[in-house]
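The lines below spell out each chain.
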Amino acid sequence: MIKIGLLGLGTVGTGVTKILLDPAQRHPLLKDIEIARIGVRSPDKPRRFSIDAAKLTSDLESIVTDPDVDLVVEVLGGLEPARSLILKAIGTGKHVVTANKAVVARYGHEIFSAANQAGVYVLLEAAVGGGIPVIAPLKQALGVNRLRGVTGIVNGTTNYILTRMQNEGGDFEAILQDAQRLGYAEADPTADVDGYDAADKLAILASLAFGGRIHLEEIHREGIRNVSATDISYARTLGFVIKLLAVARRDPGADPNEVELRVHPTLVPREHPLASVNDVYNAIVIEGDPLGQVMFFGPGAGEGPTASAVVSDILNIVAALKTGGATQPAQTINPLLACPHDHYSKVRPMASLETRFYIRFLTRDELGVIGALGTCFGNQGVSLESVVQKDLRDGLAEIVVVTHTVREGNVNAALNEIRQLKALHSIASLLRVL
Ligand code: HSE
């Protein structure tokens with residue numbers, strides 16, 4: 001029997017327990033796993049299912065140091081005490097399974113260095129995309145490809161809000177409040193709506209896809225607070241939907257250690273597979289050579305899906321232990337499950353990004369404004385694909401421009417020139433196009 005120490009019996013911990021206590025018609029190895037101890041804040045709290053009360057404790061540290069526990073499952077969430085408990089578990093020679101993207105994205109360097117030194121596994125399938133298997137494929141099946149792109153909808157809350165804005169024509173603030181009322185958004189929605197959660201997940205995906213650690217603060221990050229019903233409506237007219245995308249790319253012709261990393265609302269062409277990923281669903285498109293593109297799609301959160309991912313990690317470790325591939329010394333670690341890299345990727349400056357842009361201007365309604373905008377773009381080598389002018393908004397002309405693929409630095413230079421134009425009222429929005 002492999003003995004599990006479970007840290008946390010909230011939504012995910014409950015889902016993990018349900019799977020492990022009911023192994024019928026699942027993988028036969030699940031029968032070799034026993035939940036030995038469970039760490040909770042209040043051991044006396046009534047539970048939704050029967051659990052041996054003797055296994056419950058509020059002393060979480062006693063679990064990670066218990067010599068009888070082989071594998072620690074951390075599903076507490078939050079940075080502390082999760083980080084310290086993971087490190088302590090590794091320090092006492094235990095394997096770890098975690099769903100904690102925030103801890104892995106911030107402290108991956110110390111966690112994986114310690115794990116590699118101790119010869120233990122730290123697996124994190126549930127940290128990205130909930131129930132979607134994407135971490136294991138990146139480490140294994142997809143690893144034979146020269147990967148060049150990971151593009152994902154990795155935050156369910158923002159996808160739910162944007163889908164409703166798209167369907168109802170409503171503005172962000174009202175729909176956020178309704179999402180909070182319905183339990184789709186947290187009371188403090190910052191981590192989701194400002195793109196922090198997506199950036200954490202992108203750091204993990206990019207690090208696995210391109211083999212270099214990521215400094216989280218180097219990821220360009222914009223959330224969805226400024227996405228307006230007006231932009232969604234123009235995007236629709238132009239053949240796009242707006243999605244919060246997490247994008248990591250490596251240019252096969254450039255420095256192999258340099259990556260492009262960004263999280264921002266993006267105009268996605270209606271015919272692109274990511275355009276029809278709606279509500280709380282997640283999807284991740286991975287591109288590589290010679291594979292081409294694959295898309296992973298599924299439930300990005302929730303008790304059952306997240307627990308499925310957590311238990312798949314437990315199963316992988318149990319299988320490795322059974323085949324003798326995970327005992328000390330460290331050399332015996334299965335390289336298809338480990339995270340061996342220890343250098344950092346270099347992050348490309350956004351000014352060198354090449355993509356299409358959508359820009360909405362409010363200007364005075366006077367002769368020659370479109371010409372003047374076109375001249376400023378032309379001066380900086382920014383070629384325009386389309387220019388749309390519809391009705392007046394509050395007495396101002398609203399002009400929407402979509403560029404061809406251009407360098408972001410050139411667009412910024414053109415916008416600096418445009419800011420000098422007397423006829424300009426404001427640059428109401430600037431969004432990138434997939
Ligand atoms: N807040 C996250 C989301 C939960 O909305 O996707 C899953 O990580």
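What counts, and at which threshold
Residue positions are given per chain, counting from 1 as you read along its sequence in written order. Predicted model: local features are reported for residues with pLDDT of at least 70 only, side-chain atom pairs are reported and counted for 80 or more only, and whole-chain, interface and lining totals are derived from all residues. Where side-chain values are given, they derive from all heavy atoms of the structure, hydrogens and water being excluded. Orientation is described by lines fitted to C-alpha atoms, with helices fitted over the stretch in contact, and by angles between N-to-C directions that extend from 0 to 180 degrees. Labels follow the DSSP assignment, with helices taken as runs of H or I lasting at least four residues and strands as runs of E lasting at least two, numbered in each case from the N terminus. When an angle is under 35 degrees it counts as roughly parallel; over 145 it counts as roughly antiparallel; between 65 and 115 it counts as roughly perpendicular; any other value is oblique. Each crossing gets its handedness from the near helix: less than a right angle anticlockwise from the far helix is left-handed, clockwise is right-handed. Working rule for contacts: check all heavy atoms of both residues, and any pair within 4.5 Å makes them a contact. Throughout, the ten residues Ala, Val, Leu, Ile, Met, Phe, Trp, Tyr, Cys and Pro are labelled nonpolar, Asp, Glu, Lys and Arg are labelled charged, and all others, Gly among them, are labelled polar. Ring pairs shown here join Phe, Tyr and Trp side chains whose ring centres sit within 6.5 Å, with only the six-membered ring taken for Trp; geometry is labelled stacked below 30 degrees between planes, edge-to-face above 60, and tilted in between. Categorising residues by exposure relies on relative accessible area from a 1.4 Å probe, with only protein chains included: less than 20% of the type maximum marks a residue as buried, more than 50% marks it as exposed, and the intermediate range marks it as partly exposed. In our convention, an over-ring charge means Lys NZ or Arg CZ found within 6 Å of a ring centre and within 35 degrees of that ring's normal. Residue proximity to a molecule or strand is established when one non-hydrogen atom of the residue lies within 4 Å of it. Whenever two N or O atoms come within 3.5 Å, that pair is a polar contact, provided that in protein one can donate a hydrogen and the other can accept it, and provided that, for residues adjacent in sequence, both atoms are side-chain atoms. Using a 1.4 Å probe, the Shrake-Rupley method yields the accessible areas, and only the shown protein chains count as cover for residues. Put simply, the grid is 1 Å and covers the protein atoms alone, a cavity is a trapped set of points that fit a 1.4 Å probe, a pocket is an open set with protein on both sides within 12 Å along at least five of seven lines, and lining residues have an atom within 4 Å of a point. Assignment of a molecule to a cavity or pocket requires that more than half of its atoms lie within 2 Å of the corresponding grid points. Two strands make a pair as long as DSSP finds a minimum of two bridges between them. All the domain ranges listed were derived from an automatic or database domain assignment. Grid points are joined across faces, edges and corners, and a volume is the space filled by probe spheres set on the points.

## What to know about the packing of helix H12 (residues 369-379) against helix H13 (residues 408-418)
Here is step 1 of the chain: H13 packs onto H12 with a crossing angle of 140° between their chain directions and a minimal axis gap of 8 Å. With respect to H13, the element H12 is oriented oblique. Crossing geometry of H12 relative to H13 is assigned as right-handed. Contacts between H12 and H13 involve Leu373, Cys376, Phe377 and Asn379 on the former and, on the latter, Ala414, Leu415, Glu417 and Ile418.
Here is step 2 of the chain: Considered class by class, the residues forming the contact of H12 with H13 number six nonpolar, one polar and one charged.

## Digging into the packing of aromatic side chains
Here is step 1 of the chain: Applying the stated rule across the entire model yields three aromatic pairs.
Here is step 2 of the chain: Where Tyr160 meets Tyr184, the ring centres are 4.0 Å apart and the plane angle is 15°; that geometry is what we call stacked. Placement of Tyr160 in helix H6 (residues 156-168) and of Tyr184 in the loop between helix H7 (172-181) and helix H8 (190-193) is noted, with a sequence separation of 24 residues between them.
Here is step 3 of the chain: Relative accessible area serves as the criterion here: at 8%, Tyr160 is assigned to the buried category.
Here is step 4 of the chain: A centroid spacing of 5.2 Å and a plane angle of 20° characterise the contact between Tyr281 and Phe297, whose relative ring orientation is stacked. Taken together, the residues Tyr281 in strand S11 (residues 281-289) and Phe297 in strand S12 (residues 292-299) connect sequence positions 16 residues apart.
Here is step 5 of the chain: The partly exposed category is assigned to Tyr281, whose relative accessible area is 37%.
Here is step 6 of the chain: For Phe297, a relative accessible area of 47% gives the class partly exposed.
Here is step 7 of the chain: For the cation-ring pair, Arg83 lies above Tyr107, with the distance from its terminal atom to the ring centre recorded as 5.0 Å.
Here is step 8 of the chain: Above the plane of the ring of Tyr234 lies Lys390, whose end atom (NZ or CZ) is 4.9 Å from the centre.

## Considerations on the environment of Asp365
Here is step 1 of the chain: Considering the arrangement of structural elements, one finds Asp365 in the loop between strand S14 (354-363) and H12.
Here is step 2 of the chain: Here the alpha-carbon distance between Asp365 and Leu396, two residues 31 residues apart in the chain, equals 5.8 Å.
Here is step 3 of the chain: Among residues more than four places away in sequence, those in contact with Asp365 are Gln389, Leu392 and Ala397.

## Here's the deal with the environment of Leu392
Here is step 1 of the chain: With respect to the helices and strands, the residue Leu392 is situated in strand S15 (residues 384-393).
Here is step 2 of the chain: The partly exposed category is assigned to Leu392, whose relative accessible area is 49%.
Here is step 3 of the chain: Beyond its immediate sequence surroundings of up to four residues, Leu392 is in contact with Asp365 and Ala397.

## Regarding the site of the ligand
Here is step 1 of the chain: The ligand sits among Lys101, Val154, Asn155, Gly156, Thr157, Asp192, Asp197, Lys201, Gly300 and Ala301.
Here is step 2 of the chain: The separation between an oxygen atom of the ligand and a polar side-chain atom of Asn155 is 3.3 Å.
Here is step 3 of the chain: Between the ligand and Lys201 there is a distance of 2.8 Å, counted from an oxygen atom to a side-chain nitrogen or oxygen.
Here is step 4 of the chain: Starting from 250 Å² of accessible surface for the ligand in isolation, the protein chains cover 79%.
Here is step 5 of the chain: When each cavity is represented as a set of grid points, the ligand is found to reside in the largest pocket.
Here is step 6 of the chain: Where the shell around the ligand is concerned, the elements lending two or more residues are H6 and helix H9 (196-210).

## Quick look at the pairing of strand S16 (residues 396-403)
Here is step 1 of the chain: S16 sits mainly inside the fold: eight of its eight residues count as buried.
Here is step 2 of the chain: Alternating positions in S16 separate into two faces, Leu396, Glu398, Val400 and Val402 on one and Ala397, Ile399, Val401 and Thr403 on the other, with burial throughout.
Here is step 3 of the chain: In this structure, S14 lies alongside S16, joined through six bridges in antiparallel fashion. Among the inter-strand pairings, Thr363 is bridged to a residue of S16, identified as Ala397.
Here is step 4 of the chain: With seven bridges connecting them, S15 and S16 associate as antiparallel partners.

## Describing the side chain of Asp231
Here is step 1 of the chain: Among the structural elements, Asp231 can be located in helix H10 (residues 229-238).
Here is step 2 of the chain: Relative accessible area serves as the criterion here: at 1%, Asp231 is assigned to the buried category.
Here is step 3 of the chain: In this structure, Asp231 is in contact with Asn226, Ile242, Tyr358, Arg360, Ser429 and Leu431, ignoring residues within four places of it in sequence.

## Notes on the side chain of Asn155
Here is step 1 of the chain: Here Asn155 lies in the loop between strand S7 (146-153) and H6.
Here is step 2 of the chain: Classification of Asn155 by relative accessible area gives buried; the value is 4%.
Here is step 3 of the chain: Within the local environment of Asn155, its side chain forms a polar contact with the side chain of Asp192, the two groups lying 2.7 Å apart.
Here is step 4 of the chain: Reaching out from Asn155, the side chain makes a polar contact with the side chain of Asp197 at a distance of 2.8 Å.
Here is step 5 of the chain: Beyond its immediate chain neighbours, meaning those up to four positions away, Asn155 contacts Asp192, Asp197, Lys201 and Asn282.

## A word on the domain arrangement of the protein
Here is step 1 of the chain: Its domain assignment divides the protein into domain 1 (2-131 + 303-332), domain 2 (135-299) and domain 3 (350-433).
Here is step 2 of the chain: For domain 1 versus domain 3, the separation of C-alpha centres amounts to 51 Å.

## Considering empty space enclosed by the protein
Rolling a probe over the atoms, with the probe sized like a water molecule, indicates the empty space that remains.
Here is step 1 of the chain: If you walk through the whole model with that rule in mind, you get three cavities of 30 Å³ or more.
Here is step 2 of the chain: Approximately 50 Å³ is the volume attributed to the largest cavity.
Here is step 3 of the chain: Lining the largest cavity, in full, are Leu123, Leu124, Glu125, Ile135, Ala136, Lys139, Gln140, Asp313, Asn316 and Leu337.
Here is step 4 of the chain: Considering each element in turn, the lining of the largest cavity owes the most residues, three residues, to helix H5 (residues 135-139).
Here is step 5 of the chain: Across the lining of the largest cavity, the residue classes break down as five nonpolar, two polar and three charged.

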